[in-house]
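Okay, here's what each chain looks like letter by letter:
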Amino acid sequence: MAAAARKCARRMPVAVALLAVATVYSVLVIQFSIGQKWISMFLSTAIAYTTAVYIWFGNGKTHRKLLPALLVAACAIALADGLWAQYGGRWGVSIYIGHLAVWAAVAAAILFIPAAKQAPDEMRSWRFAMQQMASASLCAFIGLVTAGAIVSIHLTVKSLFLCDVGWNTVEILLNVLAVCMPVFVFMCRIPFGSSRTAQNADAGSLIPKLALYLFLPLTCVSMLILYIYGAKILLAWSLPDGMVSVPVASLFGAVLLVEFLLYPTVCGRQAPQVSRIATWLPRLMLPLLVLMGVGLARRLHDYGITPWRLYGALFCLWAFAVCIGLWVRGFRRFVWIPVSFAGLFMATSVLPYANICDVCARTHTAHAKQMLTEVAGTRIEFPTTQKHYQELMNRLPKDEQKLIASEMYHIDSTYGDDSLEQIIAPPHDCNEIYWQYLNNRREDSVIVETVEPLADGQ
């Protein structure tokens, strides 16, 4: 272990140094209740970014010349992100989703892309990706077991000996042993150089058999249930429920997992039956993706657009394209699947003003302005005042009040104050803007038509 740690420190000195600083910093934050949000965010993101840079550009003389500049750029991006998180204002859903997209791209850069970049042999790429995912799973398991053991020891000592070492001590141990240590173990297990594409990684028979006799039957049962549901709504000549997209998306993920785990058997052409299964799974997903698309279209038609519905529609189109690609080309190469997902996710989430959340925010803001303008019967200068807004709302019957209030609630809860302030100038009170119309006036009416808030219609 000590030799592996020294080797890792020589291969990735900046990433290891940042991890050491993060460990010490976490101890200081817990012990002395000090710290800044931007420092924590900078350290966590810089560790991931620099690790990805080392994996991609840590080999070769040409790449090593670029390495210092790339490491500085990665740290600068992480620092700018941390400072913006501290001083850039309130985080909206677009910021959270944008960060999730970046982390998805970093995960793809660490887990899948490097082997394909170094080795044209797809079987070697599979071994690298499998080794990386196995290492990540092992380290996560180590962290969970360590955390459980630390908490269990603390509670045992406290209950049997009436000795309380303090929660700060427990939290320090959790951060050091259950978080930082597993991350360092994962970094030590990352293959570099010739070991990245070594043939000695055993594809084995356990993983394909596990996929064939455990995951595949469960996937087929889920697929059969969804086919029965599709037949049911087809016989009833009705539209599918919009929430069918959740099980269909989960099933598609399971299909990709089974295809990936069966890859050594399919690649080795050792079992024609398994190859036929791997060929037919994507084809059988196509009708279910059509079902998902119809359900999402119904949801969009009934309740309008939200980021979750547009992301669901985008995922459906991407999954459809992946299934067509697997049907036409087979599963000979797999790296393009996570790369295309990460690239599409980033392209629709990170770009300012053009990302899905910003598009939805502008759409709902324009719709709310249009509804208020129709109530006023004349042009309104936005942002208007809360007093003027309430005067307009008081002209309406309660069901129309709830319709506008639900739109305002969706804008405020999903997109934040920046979007709401485009309609109503600050200061404003959320209770006066939407809560009183959604909740407090129900007792005044005998029958109130239920209007589903847009935020609840996922």
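In what follows, the structure referred to is the one given above.
Residues numbered from 1 in each chain as written. Predicted model: local features only at pLDDT ≥ 70, side-chain atom pairs only at ≥ 80, totals over all residues. Heavy atoms only, no water.

1. Here's the deal with the state of the cysteines
One way to say it: the disulfide is the covalent bond shared by the sulfur atoms of two cysteines.
Next up, step 1: Across all of its chains, the model carries zero disulfides by this definition.
Next up, step 2: Cysteine Cys139 shares no disulfide, and the gap to the nearest cysteine sulfur, in Cys188, comes to 8.9 Å. (Disulfide = S-S within 2.5 Å.)

2. Looking at the environment of Ala105
Next up, step 1: Tracing the sequence through the fold places Ala105 in helix 5 (residues 93-111).
Next up, step 2: Using a relative accessible area of 18% as the deciding quantity, one classes Ala105 as buried.
Next up, step 3: C-alpha of Ala105 to C-alpha of Ser340: the two residues are 235 residues apart in sequence and 9.7 Å apart in space.
Next up, step 4: Setting aside chain neighbours within four positions, we find Ala105 in contact with Ala342 and Met346. (Helix = DSSP H or I, 4+ residues; strand = E, 2+ residues; numbered from the N terminus. Buried < 20%, exposed > 50% of the residue type's maximum accessible area, 1.4 Å probe, protein only. Contact = heavy atoms within 4.5 Å.)

3. Some remarks on the nonpolar core
Next up, step 1: Judged by nonpolar contacts, the single largest core of 42 residues is most densely connected at Val248, Phe252, Met285 and Phe334.
Next up, step 2: Those elements that place two or more of their residues in this core are helix 7 (122-161), helix 9 (206-236), helix 10 (245-261), helix 12 (272-303) and helix 13 (307-329).
Next up, step 3: By residue number, the principal contributor to this core is helix 12, which donates nine residues.
Next up, step 4: In this structure Met285 touches Met223, Val248, Leu251, Phe252, Val255 and Cys323, once residues within four positions along its chain are discounted.
Next up, step 5: Residues Ala5, Val16, Leu67 and Cys75 belong to the second largest nonpolar core, which totals 36 residues. (Core = buried A, V, L, I, M, F, W, Y, C linked by side-chain atoms within 4.5 Å.)

4. Some thoughts on the pattern of salt bridges
Two side chains of opposite charge can pair, provided their charged atoms sit close to one another.
Next up, step 1: Applying the stated criterion across every chain yields a total of two salt bridges.
Next up, step 2: The shortest N-O distance in the salt bridge between Asp302 and Arg298 comes to 3.6 Å. Residue Asp302 and its partner Arg298 are located together in helix 12, separated by four residues, close to a single helical turn.
Next up, step 3: You can call Asp302 partly exposed: its relative accessible area is 43%.
Next up, step 4: Two residues, Arg379 and Glu381, come together in a salt bridge whose shortest N-O distance is 2.5 Å.
Next up, step 5: Its relative accessible area of 55% is what places Glu381 among the exposed residues. (Salt bridge = Lys/Arg side-chain N within 4 Å of Asp/Glu carboxyl O.)

Without other data, these values stay purely geometric and don't point to any function.
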